[in-house]
Amino acid sequence: MEIITSHMGTDFDSLAAMVAAKRLYPEAELVFSGSQEKNVREYLAQEFDNLHVFTKIRHVPLERVTRLILVDTRRRGRIGPLAACLNNPGISIHIYDHHPAHDDDIPGKVEQIAPYGSTTTLMTRLLKERGYRLDARECTLMALGIYEDTGGFLYSSTTMEDLHAAAWLLQGGANLDIVSQFFFRELTTKQISLIGQLQENSRLYVIRGVHAVITRLALDEYIDDFAVLVQRCMNADNLDAIFAFIDMQGKTHLICRSRIPEINAGAVAREFGGGGHASAASATITDMTLFQAEESLIGLLHSHIRPKAIAGEIMSTPVLTVTPEITISQAARVMTRYNVTVLPVARLAGSPDGSLPPSGLLGMISRTVVEKGIYHELGHVPVAEYMTTGIAALTEEATLADIQKVMVENRQRLIPVLHEESIVGVITRTDLMGLIVNDPRNVSPDLLREDENPSVKRGRNLSSLMAQQLPREIIVLLREIGEIAKAQHCQAFVAGGFVRDLLLHHKNMDIDIVIEGSGIAFANALTKERGGVVHPHEKFRTATVVLPDGMRIDVATARLEYYEHPAALPTVELGSIKLDLFRRDFTINAMAIHLNPERFGTLADYFNSQNDLRERRIQVLHNLSFVEDPTRIFRAIRFESRLDFQITRHSEKLIRNAVRLNLPERIEGHRFLHELKLILNEDDPIPALRRMEDLQLFPFLWPDLQPDFKVDRRFLHVLATTSQMLSWFRHLYLKDNVEQWLVYLLAIMSRARVKDLDSFCERFEMPERQRQLVVQQKQRAEKIAQDLHKRPYVRDSEINWLLSELSNEGLLYLMAIARRRHIQKAVSLYVTKLRGRPLLIGGEELKAMGYRPGPSFGVMLKHLLEKQLDGEVKSAAEAEAFILSEYPLKPPQKKEAP
């Protein structure tokens, strides 16, 4: 494992250097050694937007780190807990730094040390020399790192190389507006004096409950970059919004800054002929005096500032709730009677007139869940089993920004309003839309058009990330798919795990294409253009394309699915990409990327999937997901284990509900076996097996072994040994393959009787030939283990004879269950030296010696192999002599005369 890190208290120089190092070491993971400075945290939250994924330090197995890349530091004491990996055997340390030497310095195998003003300058020089092309966001971040560490090129440590690096980054698209927003340099005496004058001239205006400061200043000389001073003034006084008029050399400059959604700085500046973003904007005023401009601004603020709508003013009351004990059918009748689509679930119900409000918010139940529950014959189940939990609630004092944030980020159509524990009202999307329709300026910055708020990526483009992460031939293929889709008058997307792993920086070349149109017609067009073979599946409106180089592409028609009954295979109908993504198992798999040329690389994320990916959460898209398809339970466990994510509490509750209803029993045997195979084929299936036991899934897999079957010390020992043996076998680099899942299955069933294993194979519809193999291998391996248990010394020929009827899976199972070291050594000897040993002589040599071909050849050669393996026969001459002595030639019989 390779990781890139820097010093604790990450600043912009170290952050930028880490991102630059990622270009040089694309397989390495980015890890913060400790906390980050406040302005860096703000930048990561506002601007970084998943440019790179940072791995949390608690998710890093320090003992597995083989290469440590240090930037902007080389001191042991400044990398926090990561210093523990410095003691790893054979660790390779690569250092990039600009600081002077220190007694605490770590020696590196690779060291790039230069006395520049910033480490980012060093990294920029290396990237430039090696011909790397950076995108605008990378250039902006790296420019910010240089600006910060050189004090805007005013520190004495600044070098010519810093200026050259900044110029190259600016040429590459660095955005100085963003740099100035986050860069704070030491102020001169004159600048401090100017800030003081701005503060002295400030006047506070309270307009519709919103605070805004207007200040002005007249100067005889031109002051460059005055916006930085206005920003410092805003930060020093912790202002929500500031508007500064600066009269310099006959021109009036307006600088606008806002950190609240109620004031859009860009919209105000545009009224004066300027422009900018919602948080930062400016204008140059030539047709008004300073006094006229200020009066005009006050009038504009009165028209632009929207009222601070608090929750208590717009909420609906009294609140209609249900208690957790009522059934889904009863909830449906309540929804129909009162014409509502969502019901809060509370511990105590309120009175109909609202005099006694309900209290103890537990969750919410939606009409969609209720209707699906009734369809799946779950109407008798309490709503508590399938309500959505962990919902966000607000107080009566919540602002409009708070309301919009909950609805946008939590995908919540209804927000309960609480007073202490009592539910005093609810805010619906209808309530919010009413405000927006009456005054469109009530919309939050999250809903502004992109040129006003570019840091909010509603349709983020991943083209740069794709260029960094994917092989060139894959990008060419995806672009060609987009072109073909355009020619076919349809929309093409790559979706699912491919997108998830792209954002996680994991390698995944399994391409799933979704077509808004006919997937099968598109597949035929693709093979006509590229060659290959199409395997259509008319029932599901999908196709598999096998290209001439053997690459497989799955093509699906954008579809919605419904299930005739719990655990059934889905019935498919045509749909849109949004409906197609909604039918998927988890939010992290419900993203797609546009491939048509006009929108190539644009991410489609309708369900805030990126948030769950960032927070490492496994979360279903709707509450009946595990009812409709219980195999998703096993997929959730597999993704949780493989990705080191966490199943959310709500999703885990839904899994346990499905288990209580015995829904896994309804899964068709071969689908059940398929999911189990995938889990047992993971690099380390043990955590997933632990999770399966925790969720009480073992009774569905191995009912014959209950209640004694559990993950105890002996079970874990057998599985751990199995893992070691599989690793050993792979490192032999033999041509022979091994079915890992079969080895683990045998290990899991090591305490079971043969008939229990046979019952398992029958229940899960294992193919007959495979079933016979696995049962046979269990019988033979266990018999051999018992036979060799007390026999530490066995001749090589007997080892060969005993083990020759075991497959690779049987051999590894034998090693896993062996309680004596000499048995494992015997298997190792057989696999590496005895198996397949060529005979010193063969049938041709026997014929040349005068033996007649027949069954006796097999007997002689088998006997010879035994002696050869035991070291008693070592050459061809000795082999011929052995055969002649053990099987002497009979002299030819003379024919009697007639």
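Residues numbered from 1 in each chain as written. Predicted model: local features only at pLDDT ≥ 70, side-chain atom pairs only at ≥ 80, totals over all residues. Heavy atoms only, no water.

1. Considering the confidence of the model for the protein chain
Segments scoring low in pLDDT should not have their predicted coordinates read at a detailed level. Short version of the rule: Confidence of the predictor in every single residue is expressed as pLDDT, which spans 0 to 100. Any pair of residues with heavy atoms lying within 4.5 Å of one another is described as a contacting pair.
On average, residues of the protein chain score 85 in pLDDT, and 90% of them reach the 70 mark or higher. Per-residue pLDDT stays below 50 along residues 438–458; that stretch engages in 38 contacts with residues further than four places along the chain or on separate chains. Contacts from residues 561–565, a stretch scored under 50 in pLDDT, to residues over four places away or in other chains number 19 contacts.

2. Side note on empty space enclosed by the protein
Keep this limit in mind: Buriedness for pockets is judged along seven lines, at least five of which must meet protein on both sides within 12 Å for an open set on the 1 Å grid over protein atoms alone, while cavities are sets there where a 1.4 Å probe fits but cannot get out, and lining residues have an atom within 4 Å of a point. Grid points are joined across faces, edges and corners, and a volume is the space filled by probe spheres set on the points. Side-chain classes follow a simple rule in which Ala, Val, Leu, Ile, Met, Phe, Trp, Tyr, Cys and Pro form the nonpolar group, Asp, Glu, Lys and Arg form the charged group, and the remainder, Gly included, forms the polar group.
Inspection of the entire model under this criterion finds 2 cavities of 30 Å³ or more. Around the second largest cavity, the lining residues are Leu742, Leu746, Leu773, Val774, Gln777, Ser807 and Glu809. Split by residue class, the lining of the second largest cavity holds 4 nonpolar, 2 polar and 1 charged.

3. Details of the sheet that holds strand E17 (residues 491–495)
In plain terms, the rule: Strands were regarded as paired on the criterion that DSSP finds at least two bridges between them. Helical segments are the DSSP runs of H or I of at least four residues, strand segments are the runs of E of at least two, and each set is numbered from the N terminus. Every axis in this analysis is a line fitted to C-alpha atoms, fitted for helices over the stretch in contact. Angles between the N-to-C directions lie between 0 and 180 degrees.
Spatially, 7 strands are ordered E19-E20-E21-E18-E17-E24-E25 in an open sheet, and the strand pairing comes out mixed. The sheet terminates laterally at strand E19 (533–537) and strand E25 (603–604), the two strands that pair on one side only. With 3 bridges connecting them, E17 and strand E24 (residues 592–594) associate as antiparallel partners. Within E24, the position partnered with valine 494 by the bridge is isoleucine 593. Sitting on the sheet, helix H17 (residues 472–487) touches E17, strand E18 (511–516) and strand E21 (552–557), and the angle it makes with E18 is about 15°.

4. With respect to the pairing of strand E15 (residues 414–419)
We apply this condition: Here the term buried applies to any residue with accessible area under 20% of the maximum for its type, exposed to any over 50%, and partly exposed to those in between, with areas from a 1.4 Å probe on protein chains only.
When you tally the buried positions in E15, you get 5 out of 6 residues, the bulk of the element. As paired elements, strand E14 (residues 394–395) and E15 share 2 bridges and run parallel to each other. Residue pairing in the sheet places threonine 395 in a bridge with leucine 418 of E15. In the sheet, E15 pairs with strand E16 (residues 422–428) via 6 bridges, with the strands oriented antiparallel. Counterpart to histidine 419 in the pairing with E16 is serine 422.

5. Remarks on the nonpolar core
Basically, it comes down to this: Nine residue types can take part in a nonpolar core, namely buried Ala, Val, Leu, Ile, Met, Phe, Trp, Tyr and Cys, and a core is a set of them joined through side-chain atoms within 4.5 Å.
Within the largest apolar cluster, 139 residues are counted, with the highest numbers of intra-cluster contacts made by Leu478, Ile511, Ile513, Met692 and Phe760. Counting residues per element, this core draws most heavily on helix H29 (residues 740–748), at 8 residues. Excluding residues within four positions of it along the chain, methionine 692 makes contact with Phe634, Ile637, Leu676, Ile679, Leu697, Phe698 and Leu701. Counting residues in each nonpolar core, the second largest holds 41 residues, with Met18, Val19, Cys139 and Ala143 among its members.

6. Section: the packing of helix H33 (residues 808–817) against helix H34 (residues 821–834)
Here is the rule: Each angle receives one of four descriptions, namely roughly parallel if under 35 degrees, roughly antiparallel if over 145, roughly perpendicular if within 65 to 115, and oblique otherwise. Left-handed describes a crossing in which the near helix is turned anticlockwise from the far one by less than a right angle; the clockwise case is right-handed.
As a packed pair, H33 and H34 sit with axes 8 Å apart at the nearest point and diverge in direction by 155°. When the axes of H33 and H34 are compared, the pair comes out roughly antiparallel. The hand of the H33/H34 crossing is left-handed. Touching Leu811, Leu814 and Met815 of H33 are Ile823, Gln824, Val827, Ser828, Tyr830 and Val831, all from H34. Considered class by class, the residues forming the contact of H33 with H34 number 7 nonpolar, 2 polar and no charged.

7. Describing helix H25 (residues 669–680)
What counts is decided by this rule: Between the first and last residue of a helix there are one fewer steps than residues, each counted as 1.5 Å, and that sum is the expected span.
The end-to-end C-alpha distance of H25 is 16 Å, a good match for the 16 Å that 12 residues give at a rise of 1.5 Å each. Among the residues of H25, those classed as buried are Gly669, Arg671, Phe672, Leu673, Glu675, Leu676, Ile679 and Leu680. Each element contacted by the buried residues of H25 is listed here: helix H23 (631–643), helix H26 (686–694), helix H27 (698–701), H29 and helix H30 (754–763).

8. Points about the state of the cysteines
What is meant by a disulfide is a covalent connection between two cysteines, made through their sulfur atoms. Threshold: Only a pair of cysteine sulfur atoms within 2.5 Å qualifies as a disulfide here.
Within this structure, the stated rule accounts for 0 disulfides. With no disulfide of its own, cysteine 256 has cysteine 233 as its nearest cysteine by sulfur position, at a separation of 14 Å. A relative accessible area of 0% means that cysteine 256 is categorised as buried.

9. A closer look at a positive patch on the surface
To keep things clear, this is the line we draw: To count toward a patch, a residue needs a relative accessible area over 30% and no salt bridge; like charges are then connected within 9 Å, while nonpolar side chains (Val, Leu, Ile, Met, Phe, Trp, Tyr) are connected within 5 Å. Accessible surface area values rest on a Shrake-Rupley calculation with a 1.4 Å probe, where residue burial reflects the displayed protein chains alone. By definition, a salt bridge exists where a carboxyl oxygen of Asp or Glu is found within 4 Å of a side-chain nitrogen of Lys or Arg. None of His or the chain ends enter the tally, which takes Lys and Arg as positive and Asp and Glu as negative. Charged side chains are reduced to one point each, which is NZ for Lys, CZ for Arg, CG for Asp and CD for Glu.
Together, Arg714, Lys790, Arg819 and Arg820 line one region of the surface with positive charge. In this fold, lysine 790 is placed in the loop between helix H31 (768–788) and helix H32 (796–803).

10. Quick look at the packing of aromatic side chains
Put simply, the test is: When two rings of Phe, Tyr or Trp (its six-membered ring) have centres within 6.5 Å they constitute a pair, described as stacked for plane angles under 30 degrees, edge-to-face for angles over 60, and tilted for the intermediate range.
In this structure the tally under the stated criterion is 13 aromatic pairs. Consider the rings of tyrosine 25 and tyrosine 96, whose centres lie 6.3 Å apart with planes at 70°: the pair is edge-to-face. Of this pair, tyrosine 25 sits in the loop between helix H1 (12–24) and strand E2 (29–30) while tyrosine 96 sits in strand E4 (residues 92–97), and the two are 71 residues apart along the sequence. Taken together, Phe634, Phe672, Phe760 and Phe764 form an aromatic cluster joined through their ring pairs.

11. Observations regarding the sheet that holds E2
The sheet built from 5 strands is open, its strands ordered E2-E1-E3-E4-E5 with parallel pairing. The open sheet has two edge strands, E2 and strand E5 (110–113), and neither has a second partner. Of the strand pairs in this sheet, strand E3 (residues 67–71) and E4 are connected by 5 bridges, and their pairing is parallel. In the strand pairing of E4, leucine 70 is matched with isoleucine 95. Relative to E3, H1 is tilted by about 140°, and along the sheet it contacts strand E1 (2–5), E2, E3 and E4. Across the sheet, helix H3 (residues 119–129) touches E4 and E5, and the angle it forms with E4 is around 110°.

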